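Structure at a glance
The residues making up each chain are set out below.
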Amino acid sequence: MSALPAVALAAVALVAAVSLSSCHEKEKLSETSNADPDATPTMMTTDVSTLISDSGYTRYHITSPLWLMYENLQEPYWKFPDGLFLEKYDNDMRTDATIRCDSAIYLSQRRIWQLDGNVRMRNTAGDRFLTQQLFWDQQKHQVYSDSFIHIERSNRIIEGYGFQSNEQMTSYRVNKPSGIFPVPERKDSLRDNGEVNSAVTQTTGRQSAPDKIQTDVTEAVEAVETE
């Protein structure tokens, strides 16, 4: 008979433990359901390699270590925090431009890309473009930047601030050209795995071009649009 109180006490303790555990689970569920949508992706994909179609054509090939989608926001977006490689195709599935960057954000409703960190582009002519930030408006078919831009062509290097181009990177303009230089004897002076920071550091140390050279630079850059 003396064992009955102990059994009853154990039962009460068990019920209390179960109730307490259930309460904790409810708190966890509540925290998840009330999570900040800005911080909680609706989809997360790793080791991405995917093709994206537009108007019935395969337009892009995206490769990235991590793809986060935030679709439950007023301004939904995709995020590629660990870098992105993108190939753009024409209607015949030929690559007409490539882009690499350290991170990227895509505003899915407005169809605007923001590319950040060591942004490196290349067109079909082999021209190379390096900058720290670039925007790509797919609705307007425009690429633009307010940052420092370094362009390597077959016969010259063009540098300046601000940049506008078509999507194929074949008709472009530097808004504020700061210099034009002959191509070094060593070909491919900026490799695809090079850093924009080093290029910017080297070029900012150059002396400002005289007025005549500045005029020549402006004329040369403007001529790019017609080539």
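Since we're looking at a predicted model, the values are computed, not measured.

1. Looking at the confidence of the model for the protein chain
Averaged over the protein chain, the pLDDT score is 75; the fraction of residues at 70 or greater is 64%. Looking at the elements of the protein chain, mean pLDDT is at its lowest for helix α1 (residues 3-33), recorded as 38, and at its highest for strand β6 (residues 103-107), recorded as 97. Across residues 1-33, confidence stays below pLDDT 50; counting only partners more than four residues off in sequence or on other chains, it has zero contacts. Here residues 198-227 is a poorly scored stretch, pLDDT under 50, and it has 35 contacts once near neighbours within four places are set aside; other chains count.

2. A closer look at the environment of E152
If you trace the backbone, E152 turns up in strand β9 (residues 142-152). For the pair E152 and V183, spaced 31 residues apart in sequence, the C-alpha separation works out to 7.8 Å. Among the polar contacts made by the side chain of E152, one reaches the side chain of H150 at a distance of 3.5 Å.

3. Let's talk about the pattern of salt bridges
Taken as a whole, this structure holds four salt bridges when the rule is applied. Note that R110 is salt-bridged to E75, the shortest N-O span being 3.1 Å. Of this pair, R110 sits in the loop between β6 and β7 (112-123) while E75 sits in the loop between β2 (57-70) and β3 (77-80), placing them 35 residues apart in sequence. Residue classification places R110 among the partly exposed positions, given a relative accessible area of 42%.

Analysis parameters
- Chains are numbered independently. Their residues run from 1 in the order of the written sequence.
- Residues qualify for local features only when their pLDDT is at least 70, as the model is predicted, and side-chain atom pairs are given and counted only at 80 or more; totals for whole chains, interfaces and linings, by contrast, use all residues.
- Side-chain measures were taken over the full set of non-hydrogen atoms in the model, leaving aside hydrogen atoms and water.
- A score from 0 to 100, pLDDT tells how confident the predictor is in each residue.
- Secondary structure is summarised from DSSP: a helix means a run of H or I of at least four residues, a strand means a run of E of at least two, and numbering begins at the N terminus for each.
- Whether two residues are in contact is decided by their heavy atoms: any pair within 4.5 Å suffices.
- Any pair of nitrogen or oxygen atoms within 3.5 Å is treated as a polar contact; in protein, a donor-acceptor pairing is required on top of that, and neighbouring residues in sequence qualify only through side-chain atoms on both sides.
- Within this document, salt bridges are pairs made up of a side-chain nitrogen of Lys or Arg and a carboxyl oxygen of Asp or Glu, the two lying within 4 Å of each other.
- Here's how the labels work: a residue is buried when its accessible area is under 20% of the maximum for its type, exposed when over 50%, partly exposed in between, all with a 1.4 Å probe on protein chains only.

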